[in-house]
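# Observations on the three-dimensional arrangement
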Amino acid sequence: MFCQRNPKSCPLLEVSDEGSRILKTSAPGADIATDIPKYRIWKDGALVCETPDASEFWQNNLVSFIIGCSFSFESLLIDAGIDVRNISQNCNVPMYLTNIETERAGIFGGKLVVSMRPIPYNQIVKAVTVTSRMPRVHGAPVHIGNPEAIGIHDISRPDFGDAVEIRPGEVPVFWCCGVTPQSVVMSSKPSFCITHAPGNMLITDLTNASLTD
């Protein structure tokens, strides 16, 4: 229900059967407990550890939610002649907690997390147009410019990922981020949860063409 009420930050690609580690549609045959590069283990809203294999933490009542990622539209930005700074600098994308509230569902609620890519002023319209065609991986930006307006007071210090260079003539552009559920976990404090580590994504069998509107 939380994903349904927050489709821009949590665009669902697949929901697993209860207790099943094996995916059926987004990456048929993939084992959700082993096929992500790095996992985060949470208990009562606190991060317990990070691990490359979540098998020992798996519980038979768990349900997995596969959420689209903005990494999927980065190749389209590059094809459009836009430099994707986290790729050209060979680092993780910067991600920030904002002051934007998500739409609550039961116990679940918290602040939106966004990813940021600096875009030259004269390419912002192109970046918005390109990414808006891919709503299943967050779609168009949610904010452009002025980080403080969404609660980001020091853009050089992301809450997740790595800082990137913002060059003269560039504007910070912010997209919804699939790390939002981790903000929700920290706020809502469920007894147990497994997530991906920020920037360590499941590689699916879905093509970019299948993710467009």
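Placed above this text is the structure.
This section reports on the structure supplied with the text.

Conventions and cut-offs
Residues numbered from 1 in each chain as written. Predicted model: local features only at pLDDT ≥ 70, side-chain atom pairs only at ≥ 80, totals over all residues. Heavy atoms only, no water. Pairing = 2+ DSSP bridges. Helix = DSSP H or I, 4+ residues; strand = E, 2+ residues; numbered from the N terminus. Buried < 20%, exposed > 50% of the residue type's maximum accessible area, 1.4 Å probe, protein only. Polar contact = N/O pair within 3.5 Å; in protein donor to acceptor, adjacent residues only side chain to side chain. Contact = heavy atoms within 4.5 Å. 1 Å grid on protein atoms, 1.4 Å probe; cavity = no way out; pocket = protein on both sides within 12 Å on 5 of 7 lines; lining within 4 Å. Points joined across faces, edges and corners; volume = space filled by probe spheres on them. Axes fitted to C-alpha atoms, helices over the stretch in contact; angles between N-to-C directions.

Looking now at the sheet that holds strand 5 (residues 95-101). As summarised here, the arrangement of the four strands in space is 5-6-8-7, forming an open sheet in which the pairing is antiparallel. The open sheet has two edge strands with one neighbour each: strand 5 and strand 7 (143-144).

This next bit is on the side chain of glutamine 182. In this structure, glutamine 182 sits in helix 5 (residues 180-188). The class of glutamine 182 is buried, set by a relative accessible area of 1%. Side-chain polar atoms of glutamine 182 contact the side chain of threonine 195, separated by 3.4 Å. Apart from the residues within four sequence positions on either side, glutamine 182 is in contact with Arg40, Trp42, Thr195, His196 and Pro198.

A few words now on empty space enclosed by the protein. A complete count under the given rule lists one cavity of 30 Å³ or more for this structure. By volume, the largest cavity amounts to about 100 Å³. Taken together, 15 residues make up the lining of the largest cavity; nearest its centre are Cys69, Met95, Cys177, Gly178 and Met201.

Here the focus is the sheet that holds strand 9 (residues 193-196). Sheet strands line up and pair through hydrogen bonds in the backbone, either parallel or antiparallel. In spatial order, the strands read 3-2-9; together these three strands make up an open sheet with antiparallel pairing. In this open sheet, the two strands that pair with only one neighbour each are strand 3 (46-51) and strand 9. Averaged over neighbouring strand pairs, the angle between their axes works out to 25° when direction is ignored. Taken together, the five bridges between strand 2 (residues 39-43) and strand 3 define a ladder with antiparallel strand orientation. Among the inter-strand pairings, tryptophan 42 is bridged to a residue of strand 3, identified as leucine 47. This element, helix 5, spans strand 2 and strand 9 of the sheet and lies at about 20° to strand 2.

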